[in-house]
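# Working through the structure, step by step
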Amino acid sequence: MKFSCEKALLQTAIATTSRAVAAKSSIPALEGILLEAGQGLCLTGYNLETGIRTTIPAEIKEAGMLVLSARLFGDIIRKLPDDVVTFSSEEYTVTITCGLSKFNILGTDAEDFPELPSVDGLNSFTIKQKDLGSMIRQTIFAVSDNESRPIHTGSLFEIDTDGLTVVSVDGYRLALRHEPIEEKHANTDFSFVVPGAALSEVEKICGEAENVVTVTMGERHIMFQMGDTMLVARRLEGEFLAYRQAIPRNNPIKVEGTTRTLLSSIDRVSLIISDKLKSPLRCVFGKDQLSITTKTGIGDAYDQCPIDGDGGGLEIGFNNRYLMDALKAAPADRVRLELSSGVAPCVIFPAEGEENFLYMVLPVRLRAGQ
């Protein structure tokens, strides 16, 4: 195998595929990146759960396949000067040259690298990369890390005539985002659950690009095609929470506030809360104002935030981080908070425009003196 390509392109491709490389594996090849020189240069990382393949332009002088240690290959390319990298291999001995730098390292047989699963393409849809990226970013914080309910360690994707809905739940909160899609290739509505770890990588690859991503659902896997980069992940199986029934909609208390102002007040009061000194926020929704207090072993804090509406003096407790995560993710300058009692969830919607997001945070039971 012999090829040459720009260092910056190769470095980016290695960084992208390395995110799907196994840190430690009983199959040594999975700790490496598969290089395939053909029409272009194709790099693949795979950990048996998630696989990432990307293709970059290169001058191919001799076709071939080889596996290189992801860590070593990445370190070498990153530290090379900004120039054209020349790569050649004889059997398993690889020579990498760039400028005045030269490395001779050992690769392994490409036959040892498992094939990426093929996705048979039962249904698919397309959406702008930046839209999918923002939907994942604004819901992934609510994905569960509790392995006792594996289905909730991923996000639910629901596709219907209205578009795409992404939902994440972890037992304490729920995050939902909705956007129209570019095109749907399916006779019926469909849904699937994607592992949170895979979605985190999809979000990084999507970035803010205006290009479209094609999402294809297979029988056991899901594939995201983003330009020259493809990610394939195993679908999570099981019964996802019936989230529509879990969200209270006819809430008697409705107040509105500026997202940034609410966040600032919660952030200030949270200064005396830490992992060692945990305490809920005591929130009192009055007429046109929200009072927030908390008390820990090092002191107490109080802040007031202007709101529009009358909360009727409702007192309710919240985990500060859960409330902040929802407000940070909310893609709107103003939000509407809906409540019914001190033991019922708080539901957060956009105050104006289309209801394209919804966050639900369960309350924390307050004890006297907190």
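Below, the structure is looked at part by part. Quick caveat: nothing in here was measured; it's all calculated off a predicted structure.

Of note in the backbone geometry, Glu91 takes a positive phi value of approximately 60 degrees without being a glycine. In this structure, Glu91 sits in the loop between strand E7 (84-90) and strand E8 (93-98).

The subject of this paragraph is the pairing of E8. Moving residue by residue along a regular strand, the side chains alternate between the two faces of the sheet. Examined bridge by bridge, E7 and E8 share 5 bridges and lie antiparallel to one another. Bridge assignment links Thr86 to a residue of E8, and that residue is Thr97. A loop of 2 residues connects E7 with E8, the two strands running antiparallel in sequence, and Glu91 in this loop sits at a positive phi of about 60 degrees. The pairing of E8 with strand E9 (residues 101-106) spans 6 bridges and is classified as antiparallel.

As summarised here, the arrangement of the 5 strands in space is E5-E1-E7-E8-E9, forming an open sheet in which the pairing is antiparallel. One side of each edge strand has no neighbouring strand; the edge strands of this open sheet are strand E5 (59-62) and E9. Strand-to-strand twist of the sheet, defined as the mean angle between neighbouring strand axes without regard to direction, takes the value 15 degrees. Two elements, strand E1 (residues 2-6) and E5, share 3 bridges in a ladder whose sense is antiparallel. The residue of E5 that forms the bridge with Ser4 is Glu59.

Looking now at the packing of helix H6 (residues 259-269) against helix H7 (residues 320-329). Running from N to C, H6 and H7 point in directions that differ by 155 degrees, and their axes come no closer than 10 Å. When the axes of H6 and H7 are compared, the pair comes out roughly antiparallel. Two packed elements cross with a definite hand, and for H6 against H7 that hand is left-handed. Residues Thr259, Leu262, Leu263, Ile266 and Asp267 of H6 lie in contact with H7, whose contacting residues are Asn320, Leu323, Met324, Leu327 and Lys328. The residue makeup of the contact of H6 with H7, split by class, is 6 nonpolar, 2 polar and 2 charged.

Attention now moves to the pairing of strand E12 (residues 163-169). When you tally the buried positions in E12, you get 7 out of 7 residues, the bulk of the element. With antiparallel pairing between neighbouring strands as the criterion, strand E11 (residues 154-160) and E12 make up a hairpin whose turn holds 2 residues. Linking two consecutive strands that pair antiparallel, namely E12 and strand E13 (residues 173-179), is a turn of 3 residues; a positive phi of about 95 degrees is found at Gly171 within it.

With that settled, the discussion passes to the sheet that holds strand E3 (residues 41-46). Read across the sheet, 9 strands follow the order E6-E2-E3-E4-E18-E17-E16-E10-E14 without closing on themselves; strand pairing throughout is antiparallel. A strand with exactly one partner marks an edge of an open sheet, and here the two such strands are strand E6 (64-69) and strand E14 (183-185). Between one strand axis and the next, the sheet turns by 15 degrees as a mean value, whatever way the strands run. The pairing of strand E2 (residues 32-37) with E6 spans 6 bridges and is antiparallel. From the neighbouring strand, Leu34 faces E6, where its bridge partner is Val67.

Take the environment of Thr54 next. Looking at the secondary structure, you find Thr54 in strand E4 (residues 50-56). Taking the C-alpha atoms as reference points, Thr54 and Glu147, separated by 93 residues in sequence, lie 30 Å from one another. When residues no more than four places from it in sequence are discounted, the contact partners of Thr54 are Ala13, Thr17, Leu41, Cys42, Leu43, Asp228 and Thr229. Among the polar contacts made by the side chain of Thr54, one reaches the side chain of Thr229 at a distance of 2.8 Å.

Glancing now at the nonpolar core. Membership of the largest hydrophobic core comes to 37 residues, with the highest contact counts inside it found for Phe285, Leu337, Leu339, Ile348 and Tyr359. Of all the secondary structure elements, the ones that give two or more residues to this core are strand E19 (253-258), H6, strand E20 (281-296), strand E21 (299-318), H7, strand E22 (334-339), strand E23 (346-350) and strand E24 (357-361). In this structure, Leu132, Leu164, Phe224 and Met226 belong to the second largest nonpolar core, which totals 28 residues.

Below, the discussion takes up the packing of aromatic side chains. Taken as a whole and judged by the stated rule, the model has 9 aromatic pairs. Each ring, one from Phe125 and one from Phe190, has its centre 6.4 Å from the other, and the planes form 45 degrees; the classification is tilted. Taken together, the residues Phe125 in strand E10 (residues 123-128) and Phe190 in strand E15 (residues 190-195) connect sequence positions 65 residues apart. Since its relative accessible area comes to 7%, Phe190 is described here as buried.

Any two side chains of opposite charge can pair, on the condition that their charged atoms come close. Enumeration over the complete set of coordinates arrives at 23 salt bridges. The residue Glu201 makes a salt bridge to Arg19 at a minimum N-O spacing of 2.6 Å. Highlighted residues: Glu201 in helix H4 (residues 196-206) and Arg19 in the loop between helix H1 (7-18) and E2, separated in sequence by 182 residues. By relative accessible area, which is 11% here, Glu201 ends up buried. On the accessibility criterion, Arg19 (31% relative accessible area) is partly exposed. The partner of Glu208 in a salt bridge is Arg137, and the shortest N-O contact between them spans 3.3 Å. With Glu208 in the loop between H4 and strand E16 (212-217) and Arg137 in helix H3 (residues 129-137), the pair connects residues that are 71 residues apart, well separated along the chain. Take Glu208: its relative accessible area is 56%, and that puts it in the exposed class.

The rules behind each value
- Residues numbered from 1 in each chain as written.
- Predicted model: local features only at pLDDT ≥ 70, side-chain atom pairs only at ≥ 80, totals over all residues.
- Heavy atoms only, no water.
- Helix = DSSP H or I, 4+ residues; strand = E, 2+ residues; numbered from the N terminus.
- Pairing = 2+ DSSP bridges.
- Axes fitted to C-alpha atoms, helices over the stretch in contact; angles between N-to-C directions.
- Parallel < 35°, antiparallel > 145°, perpendicular 65-115°, else oblique.
- Left-handed = near helix turned anticlockwise from the far one by under 90°.
- Contact = heavy atoms within 4.5 Å.
- Nonpolar A, V, L, I, M, F, W, Y, C, P; charged D, E, K, R; others polar.
- Buried < 20%, exposed > 50% of the residue type's maximum accessible area, 1.4 Å probe, protein only.
- Polar contact = N/O pair within 3.5 Å; in protein donor to acceptor, adjacent residues only side chain to side chain.
- Core = buried A, V, L, I, M, F, W, Y, C linked by side-chain atoms within 4.5 Å.
- Phe/Tyr/Trp six-rings, centres within 6.5 Å; stacked < 30°, edge-to-face > 60°.
- Salt bridge = Lys/Arg side-chain N within 4 Å of Asp/Glu carboxyl O.

Geometric values such as these leave the question of function open.
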